[in-house]
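Architecture at a glance
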Amino acid sequence: MKTKVVFHVNRDDEETLLMALNNMENLLKNIPADEAAVYLVANGVAVRLFRRGSAAQYASRVESLSGDGVQFSVCNNSLNSLGIKHEELLDSCKVVPAGIVEIIRLQAEGCAYVKP
Amino acid sequence: MKTKVVFHVNRDDEETLLMALNNMENLLKNIPADEAAVYLVANGVAVRLFRRGSAAQYASRVESLSGDGVQFSVCNNSLNSLGIKHEELLDSCKVVPAGIVEIIRLQAEGCAYVKP
Amino acid sequence: MKTKVVFHVNRDDEETLLMALNNMENLLKNIPADEAAVYLVANGVAVRLFRRGSAAQYASRVESLSGDGVQFSVCNNSLNSLGIKHEELLDSCKVVPAGIVEIIRLQAEGCAYVKP
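In what follows, the accompanying structure is described. Everything numeric in this text was worked out from a predicted model, so none of it was measured.

1. Looking at the relation of the copies chain A and chain B
- When chain A is fitted onto chain B, the two copies agree to an RMSD of 0.0 Å after a turn of 120° and an axial shift of 0.0 Å. Read as a symmetry element, the transformation amounts to a three-fold axis.
- Take the interface residues of chain A: only 14% of them recur as interface residues in chain B, which is what a contact between different surfaces looks like.

What follows is the structure in structure tokens.
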């Protein structure tokens, strides 16, 4: 059975995001990439963490995980309410209309939920 | 398939509750009310947030979500240990014997879990 | 149906752990022990909380819950990166190779997820 998981990040808190990145890296050390479906959904003020200007310390880790198949989804409702433009985000981020809808949908499709 | 989700709030932290309310409002903009089953369970010190005296800033949002079908459940174990009476709570709250039992039961019945 | 749940603790924060212990004790007051499968997985800096030297205030509660069948799993990746030895941990802790893998596996096997 495929290992499926969604990580949920909703605070503007780098430490929490680093824990999520650690978790995902550890996970992918244990599971072959083609047997894993790994998602991170950022909503609320956490979307700020994915602006290129904020992400210098961990941008390369995000890009590397993205290359390994992790999908980083950023909530468009939250971007709008914070006045952040799509083009400010790291290239590996995908904008989704509503993060909360995505988190629920992924669990309904069999993903485990992890809140770092 | 119905969209089913339980939000879990366990801190006496208004900001977290406001994120939960944002999430629920965004969700119900995206999903017709009759295709959604949305629950919030408050336990631990979070039950304080649902006293009428504490909730002035967001009481109307709670009432409005309740009118849209969201069920707000407050843990009686936590109320007892904090000495809070049922009649202090917002009208739209339902008291449940043990919040933790409710959270597990709802997931077993197919609800996604979200911790704001 | 058996009541199955995994509690996830990842902060070095005693208050959060105490909430988890309260939740588990309340749960086991409501459910006969042989109808429950209750797990706690600690990863990240939370593994520090399970060192005998740190746990004086709640060690007896952990041991008592363990006696009631709760399984306390501590992430070996996190122990290694923090330089904590297995023999420093409370006797009732079981070390698992990767906490994140355990959390996902337990949910895939039907456990509810709770983040205290």
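2. What to know about the sheet that holds strand β4 (residues 93-96) of chain B
All names here are of chain B.
- If you trace the five strands from one edge of the open sheet to the other, you get β4-β3-β2-β1-β5, paired in parallel fashion. Looking at which strands have only one partner, the edges of the open sheet turn out to be β4 and β5 (112-114). Neighbouring strand axes in the sheet, compared pairwise and without regard to direction, differ in orientation by 25° on average.
- In this structure, strand β1 (residues 3-9) lies alongside strand β2 (residues 36-42), joined through seven bridges in parallel fashion. In the strand pairing of β2, V9 is matched with A42.
- Contacting β1, β2, β3 (71-75) and β5, helix α1 (residues 14-30) crosses the sheet at an angle of about 175° to β2.

3. A closer look at the pairing of β4 of chain B
Residues and elements named next belong to chain B.
- In this structure, β3 lies alongside β4, joined through four bridges in parallel fashion. Within the sheet, the bridge partner assigned to C75 lies in β4 and is V96.
- In this region the chain leaves β3, passes through helix α3 (residues 76-82) and returns to the parallel neighbour β4; the handedness of that crossover is right-handed.

4. A short note on the sheet that holds strand β5 (residues 112-114) of chain A
All names here are of chain A.
- In space, the five strands of this open sheet follow the order β4-β3-β2-β1-β5, with parallel pairing throughout. The outermost strands of the open sheet, each flanked by one partner alone, are β4 (93-96) and β5. Across the sheet, the mean angle from the axis of one strand to that of its neighbour is 25°, orientation sign disregarded.
- Strand contacts of helix α4 (residues 99-108): β1 (3-9), β2 (36-42), β3 (71-75), β4 and β5, with the helix running at about 155° to β2, the strand carrying the most contacts.

5. Here we look at the relation of the copies chain A and chain C
- The operation relating chain A to chain C is a screw motion whose rotation component is 120°, with 0.0 Å of axial translation and a residual RMSD of 0.0 Å.
- A distinct binding surface is used by each copy, with only 12% of the interface residues of chain A retained as interface residues in chain C.

The rules behind the values
Residues numbered from 1 in each chain as written. Chains lettered and ligands numbered in written order. Predicted model: local features only at pLDDT ≥ 70, side-chain atom pairs only at ≥ 80, totals over all residues. Heavy atoms only, no water. Least-squares fit on C-alpha atoms with pLDDT ≥ 70 in both. Contact = heavy atoms within 4.5 Å. Pairing = 2+ DSSP bridges. Helix = DSSP H or I, 4+ residues; strand = E, 2+ residues; numbered from the N terminus. Axes fitted to C-alpha atoms, helices over the stretch in contact; angles between N-to-C directions. Right-handed = clockwise from strand over helix to strand, strands pointing away.

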